[in-house]
Amino acid sequence: MATTVITNISSLVTNDPSLGEGPLGLIQDAAVVVDGDRVAWVGASSKAPATDNRVDAEGRAALPGFVDSHSHLVFAGDRTAEFNARMSGQSYSAGGIRTTVAATRAATDEALEANLVRHIREALRQGTTTLETKSGYGLTVEDEARALRIAAAHTDEVTYLGAHIVSPDYADDPAAYVELVTGAMLDACAPHARWVDVFCERGAFDGDQARTILTAGAARGLIPRVHANQLTYGPGVQLAVELGAASADHCTHLTDADVDALAGGDTVATLLPGAEFSTRAQWPDARRLLDAGATVALSTDCNPGSSYTSSMPFCVALAVRDMGMTPDEAVWSATAGGAAALRRDDIGRIAPGALADLALLDAPSHVHLAYRPGVPLVSAVWRRGVREV
Ligand code: NIG
Ligand code: FE
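Residues numbered from 1 in each chain as written. Chains lettered and ligands numbered in written order. Predicted model: local features only at pLDDT ≥ 70, side-chain atom pairs only at ≥ 80, totals over all residues.

J.: Break down the overall build of the protein for me, citing the residues and quoting the values.
T.: When you go through the protein residue by residue, the secondary structure sums to 14 helices and 17 strands. For the protein, whose C-alpha radius of gyration is 20 Å, the value lies close to the compact-globule estimate of 21 Å for 389 residues. Dimensions of the protein along its principal axes, counting C-alpha atoms only, are 70 × 45 × 45 Å. Considering the protein as a whole, with its 389 residues, one finds that 57% of them fall into the buried category. Within the protein, counting contacts between residues at least 6 apart in sequence, those at least 24 apart form 69% of the total. (Helix = DSSP H or I, 4+ residues; strand = E, 2+ residues; numbered from the N terminus. Rg over C-alpha atoms; globule rule 2.2 N^0.38 Å. Buried ≥ 20, exposed ≤ 12 C-beta atoms within 10 Å, placed from the backbone. Contact = placed C-beta atoms within 7 Å.)

J.: Which residues make up the domain arrangement of the protein, and what values go with them?
T.: Once the domains are mapped, the protein shows domain 1 (3-65 + 349-387) and domain 2 (67-341). In this structure, domain 1 and domain 2 have C-alpha centres spaced 30 Å apart. Listed as interface residues are 19 residues of domain 1 and, on the opposing side, 18 residues of domain 2. Where the side of domain 1 that touches domain 2 is concerned, the elements lending two or more residues are β5 (61-64), α14 (368-371) and β16 (378-383). (Domains from an automatic or database assignment.)

J.: Any chance you could break down the packing of helix α5 (residues 174-182) against helix α7 (residues 207-219) for me, citing the residues and the numbers?
T.: Where α5 meets α7, the closest approach of the two axes is 9 Å, and the angle between their N-to-C directions is 15°. In this view, α5 runs roughly parallel relative to α7, as classed from their interaxial angle. Viewed along their axes, α5 and α7 form a crossing whose handedness is right-handed. Contacts from V178, V181 and T182 of α5 reach α7 at Q209, T212, I213 and A216. Broken down by class, the residue content of the contact of α5 with α7 amounts to 4 nonpolar, 3 polar and no charged. (Axes fitted to C-alpha atoms, helices over the stretch in contact; angles between N-to-C directions. Parallel < 35°, antiparallel > 145°, perpendicular 65-115°, else oblique. Left-handed = near helix turned anticlockwise from the far one by under 90°. Nonpolar A, V, L, I, M, F, W, Y, C, P; charged D, E, K, R; others polar.)

J.: How would you explain the sheet that holds strand β8 (residues 133-134) if you had to name every residue and give the values?
T.: Two modes of strand pairing occur in sheets, parallel and antiparallel, and in both the strands are linked by backbone hydrogen bonds. Across the sheet, which stays open at both edges, the 7 strands sit in the order β8-β9-β10-β11-β12-β13-β14 with parallel pairing between neighbours. The open sheet has two edge strands, β8 and β14 (296-298), and neither has a second partner. Bridging between strand β12 (residues 247-250) and strand β13 (residues 268-271) involves 3 bridges; their strand directions are parallel. Its bridge partner being in β13, S247 is matched across the sheet by V268. Strands in contact with α7 are β9 (158-163), β10 (195-200) and β11 (223-228); relative to β10, the strand with the most contacts, it is inclined by about 175°. (Pairing = 2+ DSSP bridges.)

J.: I'd like a rundown of the pairing of β5, residues and numbers included.
T.: Pairing of strand β1 (residues 3-12) with β5, which is carried by 2 bridges, proceeds in the parallel orientation. Note that in β5 the partner of S11 across the bridge is A61. Two strands pair when backbone bridges link them, and β5 and strand β15 (residues 358-361) are joined in this way by 4 bridges, in the antiparallel orientation. Pairing of P64 across the sheet is with L358, part of β15.

J.: Talk me through the pairing of strand β3 (residues 38-44); I want residue IDs and the actual numbers.
T.: Relative to β3, strand β2 (residues 27-35) is paired through 6 bridges, and the arrangement is antiparallel. When the sheet's bridge partners are listed, A30 is paired in β3 with A44. Between β2 and the antiparallel strand that follows it, β3, lie 2 residues; G36 among them carries a positive phi value of about 65°.

Listed below in structure tokens is the structure:
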């Protein structure tokens, strides 16, 4: 297999403290050797070994491809009207999901797949090389299973979210819907997914329902992750930690006990600033979580309702401006943090043996992601060793 060296990288984020300076393992004047789909060597440009091919980064910065550990991309339609109403003063509620459920059910498989692929490409152009995505806009056995089938054709990180809201078909009997989600729907969906998720929130599922659904999923080999404490305080975060969920996502309204639980457990706190931006809500307090010792990931939550951005650089900039993170912390959370939330050690870092996923920036350092918000800095992307952008 041909080897390639990327030389003349002004500043390389490895996320491996043994390879460079600080928690980001920064190396100045760096080079990376790619062999097949893996990183083979990382070090000073002047010491790079001979390879078949050579790419000159011309003084650009490099970092691991972003790991977007939370998105909802199997959907059809659009919620511009709802966004407009919100920006005129209306508040966000879980009920808007029903609009997308109706459009998604009416769409063909081909239309859903084309929309998913379009958004994955859009994310890739902005440096995202791994993307988790969920069902949750079908809410019937067939529609949830087809969403997961379509997602699984394009990413390994697929999440069963039959418990997004109670299906409108079961509005009068939520208990029967929970039975469906933990019964026939789980049977149809489990083979296509790695994760099980619940929207634990007023207007969606309460703590007891969420526990039932996550436990049933876990019994089928799916690993829990939870939409927790987004719109209100509630039991989601503590349930996530208690069940050993990989991550508790949103974490916007946290008590001290919630913060302590996250700091004391293995559950990653995944913060989704695009959602607070697009719903004009209070920002999650990343500083409080980091100071307590919790592991924090950043992700887009890309979906047509609460957060229609696929841009990890935008989320990094928001997290630095409004959530108390330093640029270094935000870049770590958008790469290594996402990998931790997906329990992956082969992504989110640039080190020998890791998958060769990296982005070059038209900037001398990763700090520019926050320093130059809204500027399309990502100029090249390798994914699994292949130059994609
Ligand atoms: O993560 N919180 C629940 N689900 C999505 C919103 C989905 C929608 O509004 O369509 C979220 O924000
Ligand atoms: Fe979400």
